[in-house]
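# Commentary on secondary and tertiary structure
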Amino acid sequence: GQIGLDFPLSQHRQTPLSESFCQMVVDTGSIVQIDDASATPEFVAHNARTVLSVESYLGAPLVDVSGRVLGSLCAIEPRARAWTDEERQILADLAFGASSALRARIAVSEANLARADAELARQRLQLMADVSTALNSTMDPATSIQRMLDIVVGQMANWALVFIRADGESPERTFVRHHDIDLDRLLSAGINGDESVGDAVILRDFFFTRTEMDRLGPHLLNGSVERPQTVDNVVSRLGLGSTIVVPMTLGQRVVGAVALVGSSGQKAYDQLDVTLVGDLARRAAMTFDHARIYAREKRIAFELQHSLLPELPTAERLEVGAVYAPASTGVEVGGDWYDLVDLPDGSFVACIGDVTGHNIRAAAAMGRVQVALRSFAFAGDAPDEILNQVSDNAKSLLGDLIATCLVVGLSPQADGSWRLTVANAGHLPPLLIFAGGEAQFVEIVNDPLLGLNARNRPARANTTFNVAAGSTLVLYTDGLIERRSEIIDVGLERLRSAAGRLAESASINDLCEHLVAEVQPDGRDDVALIAIRF
């Protein structure tokens, strides 16, 4: 600040140090008084006198709260002047007031910087939290990466790219997101090899080539970036500002890489941004790898479960369909099963059951029980005796597990009807859909589960009834109808109502699939269903 100086100093408001007496105030930290520069040998040739014509000078230091000298407040004259003690005191008082004002301005500035730093830290923490939530919101690897990119592009980048290396089971993958919808489509098409985009498919190699992946380290690209002519036009359209490239690592293994690209007018990324993106990349690598392992294990469990289910026989007088749907919330193998045994005398035995637990032990026990049931059925035993014998051998078949099971004997009659004999070990009642479309549950005796009181079990009972041609019998496990938020009767009624609406389904397989779709199981348990149309 100034007052009283002539042009150009009044406009420029600064002088070189070589033309200033103020540097002595800063150096000494005390008041400097010069009454007559021409009479003082050390100041006769000083540029402040010869260039700026300063003959007398009085300057007091301006200091901050720590005592550091920030500058000076001074009075100058183009002629000699004897500064009085009163004037020295006035200048000292004014310098104190100016220092106080500077301290207040510094404090406000530092507070604003602190608030800005705190807000930036909050934003970074929020970004980390949002990304972590997005990565953990699904077990689908591709969806988790896309959700991370949605957040990063929305908060930190103009566009971003993630490259995942092939791992022997899965091919290499590239994921992209651009804040501009049209450019996002262009970028996605180019990355996925759409020929209409020409050479844009090699854009991924603009940031990281597969041959250099293992040597890749976090780095900033804040200046001009050399790029092949084949991608120059594409990059120009997408926009290329400050860029961060970081590897996605799991221990010493590099599974992929992440590139964040800012817009040309965006503040350049710094090393703190690199550290943040590096952390995001490590989290993404771990989440992607876990999701990929989960998907693989779920696929194996699904294939294993289906390999344990029987191939249903074809029958001239019966139409048979079945559905098995594994739980969607885990990868463990379940203990649900169904079966239909074709006997030499033209009759059949249908079974459905559920071993407690979701693990290999439950699946193994299910397989043993299924084989035993088939064996006793081929021996010609009635449904109640089949369950009695399985119960007598529960220790070797189930170990310490328990199981529900429903066995139905199906015998054709001369008049075209079928005679059904049902024995039950704690399972849900069968559903009968009549030819006219009415559906109702069959009332049967509900005996104890298999594996309970095997030594002192009571004899089990059969329930026998006839069904007319055109009727459909539906057997199912509890995963189809049970929900944690409601009593089981609600789920049973939902199934009965849906069966009545779907009675006229074109095929038995359509009926099975539409029943599951209509009832909408919550996915917490496996679903097994077998339907037999007479």
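## Looking at the sheet that holds strand β17 (residues 472-476)
Read from one edge of the open sheet, five strands run β9-β18-β17-β14-β15, paired in antiparallel fashion. Two strands lie at the open edges of the sheet, namely β9 (319-325) and β15 (439-441), each paired on one side alone. Recorded for the sheet is a direction-independent mean angle of 15 degrees between the axes of neighbouring strands. Relative to β17, strand β14 (residues 431-433) runs antiparallel, the two sharing three bridges. When the bridges of β17 are listed, Leu-432 appears paired with Leu-473. Along the sheet face, helix α13 (residues 488-501) touches β14, β15 and β17 and points at about 150 degrees away from the line of β15. Strands in contact with helix α14 (residues 508-519) are β9, β14, β17 and β18 (527-533); relative to β9, the strand with the most contacts, it is inclined by about 30 degrees.

## Topic: the sheet that holds strand β12 (residues 403-412)
Read from one edge to the other, the open sheet built from five strands follows the order β10-β11-β12-β13-β16, with strand pairing classed as antiparallel. A strand with exactly one partner marks an edge of an open sheet, and here the two such strands are β10 (336-342) and β16 (463-467). Sheet twist, expressed as the average angle between the axes of neighbouring strands with direction ignored, equals 15 degrees. Taken together, the seven bridges between β10 and strand β11 (residues 348-355) define a ladder with antiparallel strand orientation. Across the sheet, Tyr-338 pairs through a bridge with Ile-352, a residue of β11. The sheet contacts of helix α10 (residues 360-378) involve β10, β11 and β12, and relative to β10 the element is tilted by about 20 degrees.

## Comments concerning the environment of Asp-526
Within the secondary structure, Asp-526 sits in the loop between α14 and β18. Spatially, the C-alpha atom of Asp-526 lies 5.3 Å from that of Gly-479, the residues being 47 residues apart in sequence. Non-local contacts of Asp-526, meaning those with residues more than four positions away in its chain, are made with Tyr-324, Ala-325, Pro-326, Ala-327, Gly-334, Gly-335, Asp-336, His-358, Thr-477 and Gly-479.

## Concerning the packing of aromatic side chains
Under the definition given, this model contains four aromatic pairs. Ring plane angle 70 degrees and centroid distance 5.2 Å describe the contact between Phe-21 and Phe-43, whose orientation is recorded as edge-to-face. With Phe-21 in the loop between α1 (9-12) and α2 (22-28) and Phe-43 in the loop between β1 (32-34) and α3 (47-50), the pair connects residues that are 22 residues apart, well separated along the chain. Accessibility classification places Phe-21 together with Phe-43 in one group, the buried group. For the ring pair Trp-418 and Phe-534, a centre distance of 5.7 Å and an interplane angle of 45 degrees mean the geometry is tilted. With a gap of 116 residues between them, Trp-418 in strand β13 (residues 418-425) and Phe-534 in the segment after β18 connect regions that are remote in the sequence. Exposure remark for Trp-418: the relative accessible area of 2% places this residue in the buried category. Taken together, the ring pairs in this structure connect Phe-21, Phe-43 and Tyr-57 into an aromatic cluster.

Definitions and cut-offs
- Residues numbered from 1 in each chain as written.
- Predicted model: local features only at pLDDT ≥ 70, side-chain atom pairs only at ≥ 80, totals over all residues.
- Heavy atoms only, no water.
- Pairing = 2+ DSSP bridges.
- Helix = DSSP H or I, 4+ residues; strand = E, 2+ residues; numbered from the N terminus.
- Axes fitted to C-alpha atoms, helices over the stretch in contact; angles between N-to-C directions.
- Contact = heavy atoms within 4.5 Å.
- Phe/Tyr/Trp six-rings, centres within 6.5 Å; stacked < 30°, edge-to-face > 60°.
- Buried < 20%, exposed > 50% of the residue type's maximum accessible area, 1.4 Å probe, protein only.

Function cannot be inferred from these measures alone, as they are strictly geometric.
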